[in-house]
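# Geometric and topological summary
In case you want the letters, here they are:
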Amino acid sequence: MNRFALAVSSAIARVTESALGPYQTAVIRIGFSATWLLFLLREFPHRRELYGPDGPWDFDLAQQLIGTNGSFTALMWFGGGIWFETVYVFAVLTAVLLLVGWRTRAMSVLFMVGVLSLQNRSIFMGDGGDNVLHLMCVYLVFTRCGQVWSLDERRARRAREAHARGERVVPDRVGPALWSVSGFVLVAVTAAGRLDGDLTVPLILWISWLAPAVWWIVGRRARTAEPRILLDVIGNVVHNGALLVIMAEACLIYATAGWYKIQGSRWQDGTAVYYPLHLDYFSPWPALADVLSSSGTMVMLITYGTVVVQVAFPFTLFNRRVKNVLLAAMITEHAVIAVVLGLPFFSLAMIAADAVFLPTSFLRRLGDLAARARGRLAGLVRRGDYPVKPPAPRSPENPEHAHVGSSA
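First, a word on scope: everything that follows refers to the structure included in this document. Here the residue numbering is sequential within each chain, running from 1 through the sequence in written order. Note on the predicted model: pLDDT of at least 70 is required for a residue's local features to be given, and 80 or more for side-chain atom pairs to be given and counted; whole-chain, interface and lining totals, by contrast, use all residues. The side-chain values count all of the structure's non-hydrogen atoms but skip hydrogen atoms and water molecules.

## Looking at a nonpolar patch on the surface
Put simply, the test is: Residues enter patches when their relative accessible area tops 30% and they take part in no salt bridge; the joining distance is 9 Å for like charges and 5 Å for the nonpolar side chains Val, Leu, Ile, Met, Phe, Trp and Tyr. Values of accessible area rely on a 1.4 Å probe in the Shrake-Rupley scheme; residue burial ignores everything except the protein chains shown. Salt bridges, as used here, are contacts in which a Lys or Arg side-chain nitrogen is within 4 Å of a carboxyl oxygen on Asp or Glu. Secondary structure elements follow DSSP: runs of H or I no shorter than four residues count as helices, runs of E no shorter than two count as strands, and numbering proceeds from the N terminus. Only protein chains enter the accessibility calculation, which uses a 1.4 Å probe; a residue is then buried when its area is under 20% of its type maximum, exposed when over 50%, and partly exposed in between.
Taken together, the side chains of Phe-142, Leu-230, Ile-234 and Val-238 make up a nonpolar region of the molecular surface, amounting to roughly 340 Å² of accessible area. Relative to the assigned elements, Leu-230 resides in helix H11 (residues 226-262). With a relative accessible area of 51%, Leu-230 lands in the exposed category.

This is how it looks when you write it as structure tokens:
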């Protein structure tokens, strides 16, 4: 009983004392924001047909659907092309800012608004990766995804270093200004009745806006440290709970896909992979697809291997070595799908979801390599700004002149 109580107390302390998985949540933030950003940039010439006023799913059809399911989309607030262009640019901008980790608490909420606004406007646009992004953009709001690899982390580190040197730290003015503007918009939209429908997204928006105010008031008014500690514990529990939900969601996706595949006759006889390789829609490289499908043994191994990996992965999470092997296999599989079947954004979304299971040591080494590469690039740029005149080369045709020059 004492061992059990000790284990429970250790688990509770681990969940409440810190926000776990800082590198995993950072790579998820970077992965999903980059996936959405690349998709928006690629579809920029076709944006009006996909989500805007020129699409087959017009404004009236979208309005009827939203009135039925009550889903959130800012594109239904106003009609016309100007509002659509504004929301589209807003989605691109929030993806960029979340990618670099600038004001991640606010940007994660605004990133969710951009994703839901476009995806709920035209629900038939996507290749499966949009469903993953749709869920993960909501979960990211509850995580502390800017602890590492972000501009927020760099700003906080510089403030700590300046405080340690005894220097005056300039108070933050951008945060309160961003909070005030977003609050004004939220109050106006709510008063205008634009948030009618399902209450999930409005509740997330209001809680995300009120939480920093509560944190600021407690930090300024509390006479003891206990209220601040309590808020920090609540933040850690929410972050760790959201991280657990992201991991469970990824396992559920693979387990569901694997068990449904087992029930299919083509997956049972080992030929399922052959057919999508010969569909024009999924064959951007027909020659490569022909090479992969030319061997019946290869098709059978890929078919059965896909099912085995997807079904077995959730059961390997408690064995680190086996989990890492299957994780590498799934990431490789999605990379192949991106190239062979022409589904890059689906593959990027799934790889970003898989990244939550990557080992911390691997992510740290990856970050160190990126930091060294950035340092070398910065050094090259600095040397390029101040070029040094190279010495005059020796002429092999006139060795005597070279000898005189060297002796001088």
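Don't stop here, the text continues.
## A few points about the packing of helix H5 (residues 81-100) against helix H6 (residues 104-121)
So the rule is basically this: Each axis is a line fitted through C-alpha atoms, and for a helix only the stretch in contact is used; angles between axes span 0 to 180 degrees, taken between their N-to-C directions. Put simply, angles under 35 degrees are roughly parallel, angles over 145 are roughly antiparallel, angles from 65 to 115 are roughly perpendicular, and the rest are oblique. The handedness criterion is simple: a crossing whose near helix is rotated anticlockwise from the far helix by less than a right angle is left-handed, and one whose near helix is rotated clockwise is right-handed. The contact definition used throughout considers only heavy atoms, calling two residues in contact when any of these lie within 4.5 Å. Charged residues are taken to be Asp, Glu, Lys and Arg, nonpolar residues to be Ala, Val, Leu, Ile, Met, Phe, Trp, Tyr, Cys and Pro, and polar residues to be all remaining types, Gly included.
The N-to-C vectors of H5 and H6 enclose an angle of 140°; their axes lie 8 Å apart at closest approach. Taken together, H5 and H6 sit at an angle that is classed as oblique. For H5 against H6, the interelement crossing comes out left-handed. Residue-level inspection shows Phe-84, Val-87, Tyr-88, Phe-90, Ala-91, Thr-94, Ala-95, Leu-97 and Leu-98 of H5 in contact with H6, the latter providing Thr-104, Met-107, Ser-108, Leu-110, Phe-111, Val-113, Gly-114, Ser-117 and Leu-118. Grouping the constituent residues of the contact of H5 with H6 by class yields 13 nonpolar, five polar and no charged.

## Examining the pattern of salt bridges
Evaluation of the coordinates by the stated rule reveals ten salt bridges. The residue Glu-85 makes a salt bridge to Arg-48 at a minimum N-O spacing of 3.0 Å. Here the residue Glu-85 occupies a position in helix H5, and Arg-48 occupies one in helix H3 (residues 47-50), the gap between them amounting to 37 residues. A salt bridge links Asp-232 to Arg-144; the shortest N-O distance between them is 3.4 Å. A residue pair is termed long-range when its members are at least 10 positions apart, and Asp-232 in helix H11 and Arg-144 in the loop between helix H7 (129-140) and helix H8 (151-164) qualify at 88 residues.

## Re the packing of aromatic side chains
Stated formally: Ring pairs are drawn from Phe, Tyr and Trp, using the six-membered ring of Trp, whenever the two centres fall within 6.5 Å, and their geometry is named by plane angle: stacked under 30 degrees, edge-to-face over 60, tilted for the rest.
Inspection of the entire model under this criterion finds 15 aromatic pairs. Centroid distance Phe-72 to Trp-77: 6.1 Å. Interplanar angle 80°. Geometry classified as edge-to-face. We classify Trp-77 as buried; its relative accessible area is 16%. Centroid distance Tyr-254 to Phe-313: 6.0 Å. Interplanar angle 65°. Geometry classified as edge-to-face. Taken as a pair, Tyr-254 in helix H11 and Phe-313 in the loop between helix H14 (296-312) and helix H15 (320-340) lie far apart in primary sequence, 59 residues in all.

## Observations regarding H6
Where we set the bar: In this scheme, a helix's expected span is set at 1.5 Å multiplied by one less than its residue total.
With 18 residues, H6 should cover 26 Å at 1.5 Å per step; its first-to-last C-alpha distance of 25 Å lies within 8% of that length. Among the 18 residues of H6, 15 are classified as buried, and the element is accordingly described as predominantly covered.

## Remarks on the side chain of Ser-108
Residue placement: Ser-108 occurs in helix H6. Dropping the residues within four chain positions of it, Ser-108 is found in contact with Leu-98, Cys-137, Leu-140 and Val-141.

## Describing the environment of Arg-160
Examined against the element boundaries, Arg-160 turns out to sit in helix H8. Assessed through its relative accessible area of 52%, Arg-160 is described here as exposed. The sequence separation of Arg-160 and Thr-143 amounts to 17 residues, and the corresponding C-alpha distance is 23 Å.

## As for the packing of H15 against helix H16 (residues 344-354)
Where H15 meets H16, the closest approach of the two axes is 8 Å, and the angle between their N-to-C directions is 165°. When the axes of H15 and H16 are compared, the pair comes out roughly antiparallel. Where H15 crosses over H16, the handedness of that crossing is left-handed. Taking contact as the criterion, the partners of Leu-327, Met-330, Ile-331, His-334, Ala-335, Ile-337 and Ala-338 in H15 are, on H16, Pro-344, Phe-346, Ser-347, Met-350, Ile-351 and Asp-354. In the contact of H15 with H16, the residues fall into ten nonpolar, two polar and one charged.

## Brief notes about the environment of Trp-77
Turning to its location among the elements, Trp-77 is positioned in the loop between helix H4 (59-69) and H5. Considering only alpha carbons, one finds Trp-77 and Arg-194, 117 residues apart in sequence, at a separation of 6.3 Å. Those residues in contact with Trp-77, other than ones at most four positions away along the chain, are Phe-72, Trp-83, Val-189, Arg-194 and Leu-195.

Purely geometric stuff here, so don't read any function into it on its own.
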